[in-house]
Amino acid sequence: MIQKVGNNSMIFEKSPVILAASSVVGEKEGQGPLGQYFDHVEKDPKFGMETWEQAESTMQLMAAEKAIKKAGLSKEQLDFIFAGDLLGQLIATSFGLIELERPVFGVYGACSTIGESLLLASMALCGGAGNYALAVTSSHFAGAEKQFRFPLPYGKQRPLSATWTVVGSGAVIVAAEDKKGRAMAKITGGTPGRIIDFGVKDSMNMGACMAPAACDTICQHLKDFNRQPTDYDAIITGDLGKVGQQILLKLVAEHGYDISDRHLDCGMLIFDPESQDTHAGGSGCGCSAVTLAAYLLPKINRGEWQRILFVPTGALLSTVSFNEGQSVPGIAHGVVIEKIWLNDGSRTIILLSNIK
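All values reported here derive from a predicted model rather than from experimental measurement. (Residues numbered from 1 in each chain as written. Predicted model: local features only at pLDDT ≥ 70, side-chain atom pairs only at ≥ 80, totals over all residues. Heavy atoms only, no water.)

Some thoughts on the overall build of the protein
Then step 1. A count of helices and strands for the protein gives 11 helices and 17 strands.
Then step 2. A buried classification covers 60% of the 356 residues belonging to the protein.
Then step 3. Across the protein, contacts joining residues at least 24 apart in sequence account for 78% of those joining residues at least 6 apart.
Then step 4. With an accessible surface of roughly 14,500 Å², the protein has 51% of that area assigned to carbon and sulfur atoms.
Then step 5. Here the protein carries 31 positive and 37 negative side-chain charges, and the mean point of each set is 4 Å from the other. (Helix = DSSP H or I, 4+ residues; strand = E, 2+ residues; numbered from the N terminus. Buried < 20%, exposed > 50% of the residue type's maximum accessible area, 1.4 Å probe, protein only. Contact = heavy atoms within 4.5 Å. Areas by Shrake-Rupley, 256 points an atom, 1.4 Å probe, with all protein chains shown as cover. Lys, Arg positive; Asp, Glu negative; His and termini not counted. Charge placed at Lys NZ, Arg CZ, Asp CG, Glu CD.)

Pasting the structure below:
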């Protein structure tokens, strides 16, 4: 059911499908270019709770419940939940998902967590461990600033290379098969990322920290699958921002690939650089998750795109490692998402024959 491809990649011979996806964001995100696509835009940054952390938990549960409902499932039908956030010990997830009362795998890949969660969910379902899984991640600007940088009342000025942590939670329902023919897309394979460290120590420049990891995963993926960038309608990173994008394009070009005409970045899509002061763009576990749920998957479902390489990116730092003077390694996970074609049972066999 799962076949290894090349050095680091895998293909799902019977592709799991995405039944539904949901997105919950804050007011600033709702004012951005993708505002009309989100399922829910919350004007109260605390979501009716007392703390930023409780707000994120509430937001994550809201996204999860919306995805479950859109998929036409009950929470009892979920075999597994793969979920994570940016807070210490994943407290947004652990407190937020208690009410679902389903088995939970806490996942941490920093801002790449939604990609990691989708791959793990697909592997579990393809391995016959269950029928339905939920992949959900979240982030909150105030909670992230409080933990990794400075509490908001401090009022520290942010450098232009900094990104703005998205207030958002994205949830995706993955199924072993499309029993009713209503799935949005299918996950055909992926390339788990390696930890890449270029020695960058600037925690306010996440794009520079993560770009080398994005390059490594993208180039390894193309090599493993014997493909070119033109085999994808879009190659979409998580939250490099405009600084990280420039670095990524140069690094990939050094490996002999040109992705400049099809590269998109969720951190650059979610905010308007002209009207919203977010500097380099958006970031956070919620950034790529809500962009995938609200904007990318519908484009595949409508047939505007046939195949994309979704590569969420993460900066692997903590307050401890940063304060001890360590660098900020990066990681990126590649997920191949394709349109579902009617009567395409032979598609996987053809695809396998083209891979060396």
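Let's talk about a nonpolar patch on the surface
Then step 1. There is a patch of nonpolar side chains on the surface, built from M1, I2, L120 and M123 and spanning about 320 Å² of accessible area.
Then step 2. Locating M123 in the fold gives a position in helix α4 (residues 113-126).
Then step 3. For M123, a relative accessible area of 32% gives the class partly exposed. (Patch = residues over 30% accessible without salt bridge, like charges linked within 9 Å, V, L, I, M, F, W, Y side chains within 5 Å. Salt bridge = Lys/Arg side-chain N within 4 Å of Asp/Glu carboxyl O.)

Observations regarding unusual backbone geometry
Then step 1. Positive phi outside glycine occurs at A110, with the angle close to 55 degrees.
Then step 2. As for its position among the elements, A110 is in the loop between β6 (104-106) and α4.
Then step 3. With relative accessibility at 1%, the residue A110 sits in the buried group.
Then step 4. The backbone of N226 sits at a positive phi, close to 55 degrees, despite the residue not being glycine.
Then step 5. Looking at the secondary structure, you find N226 in the loop between α6 (206-224) and β11 (234-237).

Some words on the pattern of salt bridges
Then step 1. Per the stated rule, a full pass over the model turns up seven salt bridges.
Then step 2. Two residues, K70 and D39, come together in a salt bridge whose shortest N-O distance is 3.2 Å. Of the two residues, K70 sits in helix α2 (residues 52-70) while D39 sits in the loop between α1 (27-30) and β4 (40-42), which places them 31 residues apart along the sequence.
Then step 3. Residue K70 is classed as partly exposed on the basis of its relative accessible area of 46%.

Looking at the packing of aromatic side chains
Then step 1. Considering all chains together, one arrives at four aromatic pairs under this definition.
Then step 2. Here the aromatic rings of Y37 and Y295 are separated by 5.5 Å at their centres, their planes lie at 50 degrees, and the arrangement is tilted. With a gap of 258 residues between them, Y37 in the loop between α1 and β4 and Y295 in helix α9 (residues 285-301) connect regions that are remote in the sequence.
Then step 3. Classification of Y37 by relative accessible area gives partly exposed; the value is 36%.
Then step 4. Each ring, one from F80 and one from F82, has its centre 6.3 Å from the other, and the planes form 50 degrees; the classification is tilted. (Phe/Tyr/Trp six-rings, centres within 6.5 Å; stacked < 30°, edge-to-face > 60°.)

Here we look at the environment of F148
Then step 1. Residue placement: F148 occurs in helix α5 (residues 141-148).
Then step 2. As for F148 and I114, which are separated by 34 residues in sequence, their C-alpha atoms are 20 Å apart.

Brief notes about the nonpolar core
Then step 1. Core analysis: the largest hydrophobic core is formed by 76 residues, its most contacted members being L19, L118, L134, I173, F310 and I337.
Then step 2. With 10 residues, α9 is the largest single contributor of residues to this core.
Then step 3. With 26 residues, the next largest nonpolar core counts M210, Y232, L251 and I259 among its residues. (Core = buried A, V, L, I, M, F, W, Y, C linked by side-chain atoms within 4.5 Å.)

Quick word on the environment of G30
Then step 1. Relative to the helices and strands, G30 resides in helix α1.
Then step 2. Overall, G30 belongs to the partly exposed group, its relative accessible area being 23%.
Then step 3. Distance from G30 to I270, taken between C-alpha atoms, is 8.9 Å for residues 240 residues apart in sequence.
Then step 4. Each residue touching G30, except ones within four places of it in the same chain, is listed here: V25, G35 and V41.

Some thoughts on the pairing of strand β10 (residues 185-191)
Then step 1. Most of β10 is tucked away: seven of the seven residues are buried.
Then step 2. Pairing of strand β2 (residues 9-12) with β10, which is carried by two bridges, proceeds in the antiparallel orientation. Bridging across to β10, M10 finds its partner in G190.
Then step 3. Examined bridge by bridge, strand β3 (residues 17-26) and β10 share two bridges and lie antiparallel to one another. Bridge pairing links I18 to A185 in β10.
Then step 4. Pairing geometry for β10 and strand β17 (residues 334-338), over five bridges, is antiparallel. (Pairing = 2+ DSSP bridges.)

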